[in-house]
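# Fold and geometry: a report
Now for the letters of each chain:
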Amino acid sequence: MVAKSRKQTGKSPATQTERDKNVPHASPHSKSNIRRAGKEGKPGVHPNGLSVIGHKLGITSSSVVKLGVTVLLAALSGYLHWHHLFQLFENDRHFSHLSNLEKEMAFRTEMGLYYSYYKTIIEAPSFMSGLHKIMNDRLTEHPLVINTLKRFNLYPEVVLASWYRVYTAVMGYFGIPTKMCWSINRGEGLTPVDSCEGMGDPAYFYVTCVFLLNGLMMSLFFIYGAYLSGSRLGGIVTTACFFFNHGESTRVMWTPPLRESFAYPFLVLQMLLLTYILRSRSPSRTALVALGISNLCFMLPWQFAQFVLLTQVASLFASYILGYLAAAKMQSILVTHMVTLGVCFILMFGNSMLLTSFYASSLISIWMIIALRGRFTQLFKPGVVIWVMQVLAWVGSTVLLKFVLSTVFGASDDAHISALIKSKFTSYKDFHTLMYTCAAEFDFMELETPVRYLKTLLLPVNMSVVALIAARTVQDVLQTLSHGAKTSVKPEDGDEAEGSEIAAKGELVYHSLQLVAFAVLAILIMRLKLFLTPHMCIMASLICSKQLFGWIGEKFKHQVVVVAVMAMMAIQGAANLQAQWAIIGEFSNLPQEELLDWVRENTRTDSVFAGAMPTMASVKLSTGRPIVNHPHYEDAGLRERTKLVYSMYSRMSGETVKTNLMNLGVDFFILEDSWCTRRTRPGCSMPEIWDIEDPENVGKIPFCTHMSRNSRPFFTTVFSNDIYKVLKVPKASKSVR
């Protein structure tokens, strides 16, 4: 019965349709190259039928076949990745057999928070009423009313909820069933649950769309690798490397609702378009508009996008300084970024973090430096001196602008980012930085990661590619320096610089610099290897580049070498894939299920809850009760609220903890003993984190330890099981924070 229901989900046709819709995004780039080549063969085309069309478009039959093969391989790559993701997700959680409550519990921490707004919109009487509800939310940070669309980058949930409502309405109108439900006997004396599978199930629809988007991303990866390397074999290398290093490249199969799952595919598209622009002698307005749209689609779903784009702009600026990028083209790219940032600022309802970011300041400072390039040439000696002065001017003006804009807008939401970076290079630490750095994903990159790169040969291949690019770059730089009259930045630059041999290598230099930037991010924060590993897969495609590896020999010999390298990669790569396929599990969290059932049945709908951030997301999602703290830790006010809530796990007096909760208007606190005793490494248990912030009470027994034994006289225990204990907070006059 299970197998039958899977066949009736209709996922494959939807996937193909989705791919067919998106193929044109990449095809213009391929056609532009083919069109130029086709013009040489136009006199030989017989002027009738389809040949007339080919004659007018400048496309030969052989070029059509090549384009068709490229599109087919890209579509196949996308389908395989979508299927791979869905299979891993199903194997890990047995998602198709979970009840609605269990599916919601499977979305832990931030995932549950984001999914809750999707649920709010689809359950509202109308789409607009649901949208109004999340833009005037009273549940997430009680008693505040906040615009969650602005705060949490919820455009993906808004779009998916609208699609779901349209899909179910259309299917309902035609009487077409959209899901199959059955009763699941869970055994062990547990009550049976109803489980549904199909696009009519909200959770199933949500994760299917996420995996479809990331399947499309793999199609883009193939096109990206093929375009960068100039060979379809390069696209195959990129795709194979991604699969061989899948566990290091993405985590979308485990965490579908996270912001990166929606944003990263658009970064791939944006970088593909940027590569096209860098390669073009004179980029068209259409290409720049497409770059801006992809930029916007990357920024809207994810607050961290600005930091990634900062590294991109910095890499482009370095390419400009070295003479690989003309000033006119650099300015066009900067204007596109600025317009995109402005549109994003408007769509995010004036989110000040965007304008006060280092990214925004960097755009302005680089624009000013390029505008004043003539002055730099007059003041400083051409060569190393002018390069250094431009870098210093960029760093200094960016930091100054960031400080001024933050002061003007009174923005402090991103202060924790500066503190986090500071903690990486110094002994500095406070409560909020430890909340980040004590989590493995925010720690330094683990040693096992580069070892895994070595085993799949991804690291050696990238080192070879970058070494060749670096050697040629150094050669070009030395040649430039040897001509004293020439500078890397021309006051009047245009097609001359663009048409030079040095400028032609600009895209490779940019990609190498971008790789270095992503490597620095990944080393500092392990979570960010999701940018590094895929970009390493892109760079690996360059082993198929004649420009870099033409010295190997003729085309056939070159291809044999590439296939041999891929065969060696596949030894460990196949083992990695088999390890992923061997992951078989089934989601179950009975203690939390008991907790949520108790909350729904025994508390008022306006009862206010506080507790550990991951649990609060589940409480809001599955019970609809107001909460005072949640896992989205990027807001300064929320960080202070969470700090007050987490005083339960400090060594403070019971009276202080009770007062903190009463001032926040909390009715119930959900205590978890594991948060009191858990220690990922020395100095990272909650009481130890509090010792940094509250040195006066060091050495005392943590208050949560007392509460786990006996909650009186400060609170009353109203529910408990093996994991959770619900404490009732005494009533008092509520102070709105």
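Rules of the game
Residues numbered from 1 in each chain as written. Predicted model: local features only at pLDDT ≥ 70, side-chain atom pairs only at ≥ 80, totals over all residues. Heavy atoms only, no water. pLDDT = per-residue confidence, 0-100. Helix = DSSP H or I, 4+ residues; strand = E, 2+ residues; numbered from the N terminus. Contact = heavy atoms within 4.5 Å. Disulfide = S-S within 2.5 Å. Buried < 20%, exposed > 50% of the residue type's maximum accessible area, 1.4 Å probe, protein only. Pairing = 2+ DSSP bridges. Axes fitted to C-alpha atoms, helices over the stretch in contact; angles between N-to-C directions. Phe/Tyr/Trp six-rings, centres within 6.5 Å; stacked < 30°, edge-to-face > 60°. Lys NZ or Arg CZ within 6 Å of the ring centre and 35° of its normal.

The subject of this paragraph is the confidence of the model for the protein chain. Put simply, the protein chain has an average pLDDT of 86, and 88% of its residues get 70 or more. At the level of individual helices and strands, the protein chain shows its lowest average pLDDT in helix α1 (residues 2-7), which scores 38, and its highest in helix α8 (residues 127-135), which scores 97. In the model, residues 485-498 has pLDDT below 50 throughout and makes 32 contacts with residues more than four positions away in sequence or in other chains.

This brings us to the state of the cysteines. Within the structure shown, the criterion is met by three disulfides. A sulfur-sulfur separation of 1.9 Å characterises the disulfide bridge that pairs Cys-181 with Cys-196. What sets the handedness of the Cys-181 and Cys-196 disulfide is the S-S torsion sign, and at about 105 degrees it is right-handed. Of this pair, Cys-181 sits in strand β1 (residues 180-184) while Cys-196 sits in strand β2 (residues 193-197); the two residues are 15 residues apart in sequence, bridging distant segments of the chain. On the accessibility criterion, Cys-196 (10% relative accessible area) is buried. The side chain of Cys-438 participates in a disulfide bridge whose partner is Cys-684; the two sulfur atoms lie 2.0 Å from each other. Across the S-S bond linking Cys-438 and Cys-684, the dihedral sits near -80 degrees, which makes this disulfide left-handed. Here the residue Cys-438 occupies a position in the loop between α23 (431-437) and α24 (448-455), and Cys-684 occupies one in the loop between α36 (673-677) and α37 (686-693), the gap between them amounting to 246 residues. A relative accessible area of 10% means that Cys-684 is categorised as buried.

Before going further, it helps to spend a moment on the sheet that holds strand β5 (residues 716-720). Whether parallel or antiparallel, the strands of a sheet pair through hydrogen bonds between backbone atoms. Within the open sheet, the four strands sit side by side as β3-β4-β6-β5. Their pairing is mixed. The open sheet has two edge strands with one neighbour each: β3 (609-611) and β5. When the angles between neighbouring strand axes are averaged without regard to direction, this sheet yields 30 degrees. Sheet analysis places β3 next to strand β4 (residues 668-672), joined by three bridges and oriented parallel. Along β4, the bridge assignment pairs Gly-611 with Ile-670.

Moving on, we come to the packing of aromatic side chains. Within this structure, the stated rule accounts for 44 aromatic pairs. Between Phe-304 and Phe-307, the aromatic rings sit 5.0 Å apart at their centres with planes inclined by 35 degrees, giving tilted as the arrangement. Judged on exposure class, the residue Phe-304 and its partner Phe-307 are both buried. Aromatic side chains Phe-304 and Phe-531 sit 6.4 Å apart centroid to centroid with 20 degrees between the ring planes, which places their arrangement in the stacked category. Here Phe-304 is found in the loop between α15 (285-299) and α16 (305-321), whereas its partner Phe-531 is found in helix α29 (residues 529-540), with 227 residues between them in sequence. Residue Phe-531 is classed as buried on the basis of its relative accessible area of 1%. Between Lys-402 and the ring centre of Phe-358, over which it is positioned, the NZ or CZ distance is 5.3 Å. When the ring centre of Tyr-428 is taken as origin, the NZ or CZ atom of Lys-422, which lies over that ring, is 4.4 Å away.

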